[in-house]
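# Examination of the molecular architecture
Read off the chains here:
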Amino acid sequence: MLFGSKLRVGLDIGSHSIKMVAIEKSGQRFKVVGRGMREIWTNTTYELDGPKRSQLVPLILDLFKELKLTPKKQKNLRTLVSGAQVAAKEIVAIPLEEKEMRSAMLLEARKHIPLDGSDTQVDYQIMGEDVNEPDKVRVLVVATTKKLFGNVIDALHELEVAPLVVDIEPLANMNAYLQFNELPDEGVNVMLNVGARRTGVTVVGRKDQFFTREIPVGGWHFTEQIMKDFGVKYDVAEEAKKRDGLKPDLPRQQQEGGGLRFASKTALDRFGDEINRTLRYYVKETGQSMFQKFVVVGGGAALGEVEEYLQKKFNVAVEAFDPFSRMDVSTGNGGGHPAQYSAAVGLAIREA
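The model shown is predicted, which means the values in this text are computed figures rather than measured ones.

### A closer look at helix α8 (residues 304–314)
- Residues V306, Y309, L310 and F314 constitute the buried set of α8. The buried residues of α8 occupy one face: seen down the axis, they fall within an arc of 100°.
- Close packing links the buried residues of α8 with β9 (188–194), α5 (219–230), α7 (267–286), β12 (291–297) and β13 (317–320).
- Once α8 finishes, N315 follows within two positions and takes phi at roughly 50°, a positive value.

Structural data, given as structure tokens:
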């Protein structure tokens, strides 16, 4: 294994698990020389507020050891920020010099990207000429809070690591997918990042507006449904979900009380409704309603029922994305589902 300057490390610190990949680039080929995953919550109840730094640092260090990497020697490590306090929006702007553009995008972020009023960390990327107004450019503006950004940096500083790149999760996932796949000539693709606390819905096309939004339904809610349906604790429900999916082979406990009960929507139904609401908003804003394909990443991609449900509800092709399928791989599977590594791969293969 050659740990030279060509080695890139992608580190995805999620709310449920941490994923790391080490990749070398040779010409246009990528070689995976290491990958691994650590679950943050195992025998305890999943905390909706997310993990503390004291939980994350030992697990990240353990991943470095598994991949036989020395943390402070990694000068080409890329990581990300994710969650409700991360936002991105495509706008149209007049092209300016870099210093002026950066100042203008800070003002645009405050107008277009709602956060909680905290100090913001803002960046942008020019996506090309606007087809409707050739004298203007399409710009993707991204923002997060300085507190969230600082939390990620501080966790890595404890390991004497300074990341070369800090990206946002929707772009990392999309970068992995677009490295190996073409977008349709007409219409758009929808990427669903089914995480633990929420699902990221990202819409992208060759000529259409980039859009991303998070919906408040994810893997935790599927586990919670099993807990309620079968009267079991978190660890039993989570293990059953991984083993059997959303309809596990568990004995149902006798429900207390009797009488008439109103049926409530399942977590999967709420999941579908939120996606539908998001796509209807996109259609209203852009006029584009040709959704060609759903691409599923994140932990939810391992659940076959999710893919089947989406196909039936939206009458569209659905695929779980395997970021390793077109790469040279010289390591084991690292645990988990390949789609869970999508963001980590997108980080590692992007140009700095």
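### Quick notes on the sheet that holds strand β4 (residues 77–81)
- A sheet is described by the order of its strands in space; here 6 strands give the open sequence β8-β4-β1-β2-β3-β14, paired in mixed fashion. The sheet terminates laterally at β8 (165–168) and β14 (328–329), the two strands that pair on one side only.
- In this sheet, β8 lies alongside β4 in parallel orientation, the contact comprising 4 bridges. Pairing of R78 across the sheet is with V165, part of β8.
- On top of the sheet, helix α3 (residues 146–157) reaches β1 (7–13), β4 and β8; it is set at about 145° to β4, its chief contact.
- Together, β1, β2 (17–26), β3 (29–39), β4 and β8 form the strand contacts of helix α9 (residues 342–349), whose direction differs from that of β1 by roughly 145°.

### Re the packing of aromatic side chains
- On inspection of all chains with the given rule, the structure shows 9 aromatic pairs.
- Here the aromatic rings of F30 and F180 are separated by 6.5 Å at their centres, their planes lie at 85°, and the arrangement is edge-to-face. Remark: F180 occurs in helix α4 (residues 169–180) and F30 occurs in strand β3; sequence separation between them is 150 residues.
- A relative accessible area of 4% means that F30 is categorised as buried.
- Seen in terms of ring centroids, F211 and Y282 are 5.7 Å apart; in terms of plane orientation they differ by 55°. Their pairing is tilted. Placement of F211 in strand β11 (residues 211–215) and of Y282 in helix α7 is noted, with a sequence separation of 71 residues between them.
- Its relative accessible area of 13% is what places F211 among the buried residues.
- Residue class for Y282 comes out buried when judged on its relative accessible area of 1%.

### A closer look at the environment of N189
- In this structure, N189 sits in strand β9.
- Expressed as a C-alpha distance, the spacing of N189 and G300, which sit 111 residues apart in the sequence, is 18 Å.
- If near-sequence neighbours (up to four positions away) are discounted, N189 is found in contact with Y177, L183, P184, T202, V203, V204, Q292 and K293.

### Section: the environment of V236
- With respect to the secondary-structure elements, V236 resides in helix α6 (residues 234–244).
- For V236 and T223, which are 13 residues apart along the polypeptide, the C-alpha to C-alpha distance reads 9.3 Å.

### Thoughts on the sheet that holds strand β7 (residues 137–145)
- A sheet is described by the order of its strands in space; here 3 strands give the open sequence β5-β7-β6, paired in antiparallel fashion. Unpaired on one side and paired on the other, β5 (86–93) and β6 (120–129) mark the two borders of the sheet. Taken over all neighbouring pairs, the strand axes of this sheet differ in orientation by 20° on average, direction set aside.
- Running at roughly 75° to β7, α3 makes contact with β5, β6 and β7 of the sheet.

### So, the nonpolar core
- Membership of the largest hydrophobic core comes to 31 residues, with the highest contact counts inside it found for V21, I23, I168, F324, M327, V345 and I349.
- Put simply, the parts of the chain that give this core at least two residues each are β2, β3, β5, β7, α4, β12 and α9.
- The element best represented in this core is α4, accounting for 5 residues.
- In contact with I349, not counting residues within four places along its chain, are R8, I23, F30, N175, A176, Q179, F180 and M327.
- Core analysis: the next-biggest nonpolar cluster, separate from the first, contains 28 residues, L192, V217, A301 and F314 among them.

### Quick notes on the confidence of the model for the protein
- On average, residues of the protein carry a pLDDT of 88, and 91% of them reach 70 or more.
- In the predicted structure, residues 257–263 sits below a pLDDT of 50 and forms 1 contact with residues beyond four places in sequence or in another chain.

### Re helix α1 (residues 53–66)
- With 14 residues, α1 should reach 20 Å at 1.5 Å per residue; the first-to-last C-alpha distance of 20 Å fits that figure.
- At the C-terminal side of α1, K68 shows a positive phi close to 60°.

### What to know about the pattern of salt bridges
- Applying the stated criterion across every chain yields a total of 24 salt bridges.
- For K19, the salt bridge goes to D12, with nearest N and O atoms at 3.7 Å.
- Its salt-bridge partner being D154, residue R53 comes within 3.8 Å of it at the nearest N-O pair. In this pair, R53 sits in helix α1 while D154 sits in helix α3, placing the two residues 101 residues apart along the sequence.
- Taken together, the shared-partner salt bridges in this structure form one network comprising R8, K25 and E351.

### Quick word on the pairing of β4
- Counting buried positions along β4 yields 5 of 5 residues, so the element is predominantly enclosed.
- The side-chain alternation of β4 yields two buried faces, one formed by L77, T79 and V81 and the other by R78 and L80.
- When β1 meets β4, the two strands line up parallel, connected through 3 bridges. Bridge pairing in β4 places V9 opposite L77.

Criteria and cut-off values
Think of each chain on its own: its residues are numbered from 1, step by step along the sequence as written. Owing to the predicted nature of the model, reporting of local features is limited to residues with pLDDT of at least 70; listing and counting of side-chain atom pairs is limited to 80 or more, with chain, interface and lining totals taken over all residues. Heavy atoms from the whole structure form the basis of all side-chain values; hydrogens and water molecules are not counted. Note on classification: 1.4 Å probe, protein chains only; a residue is buried when its accessible area is under 20% of the maximum for its type, exposed when over 50%, partly exposed between these limits. Only DSSP runs of H or I with at least four residues qualify as helices, and only runs of E with at least two residues qualify as strands; both kinds are numbered from the N terminus onward. This arc describes the spread of directions from the helix axis toward the C-beta atoms. Contact between two residues is taken to exist if any of their heavy atoms lie within 4.5 Å; hydrogens are not considered. Here the rule is simple: two strands pair whenever DSSP picks up at least two bridges between them. Axis angles are defined between N-to-C directions and span 0 to 180 degrees, where every axis is a line fitted to C-alpha atoms and, for a helix, only to the segment in contact. Two rings from Phe, Tyr or Trp (for Trp, the six-membered ring) form a pair when their centres are within 6.5 Å of each other. A pair whose planes differ by under 30 degrees is stacked, one over 60 is edge-to-face, and the rest are tilted. What we call a nonpolar core is a set of buried Ala, Val, Leu, Ile, Met, Phe, Trp, Tyr and Cys residues that are connected through their side-chain atoms within 4.5 Å. Across the chain, each position has a pLDDT score giving the predictor's confidence in that residue, from 0 to 100. The length a helix should cover is 1.5 Å for every residue beyond the first. Salt bridges, as used here, are contacts in which a Lys or Arg side-chain nitrogen is within 4 Å of a carboxyl oxygen on Asp or Glu.

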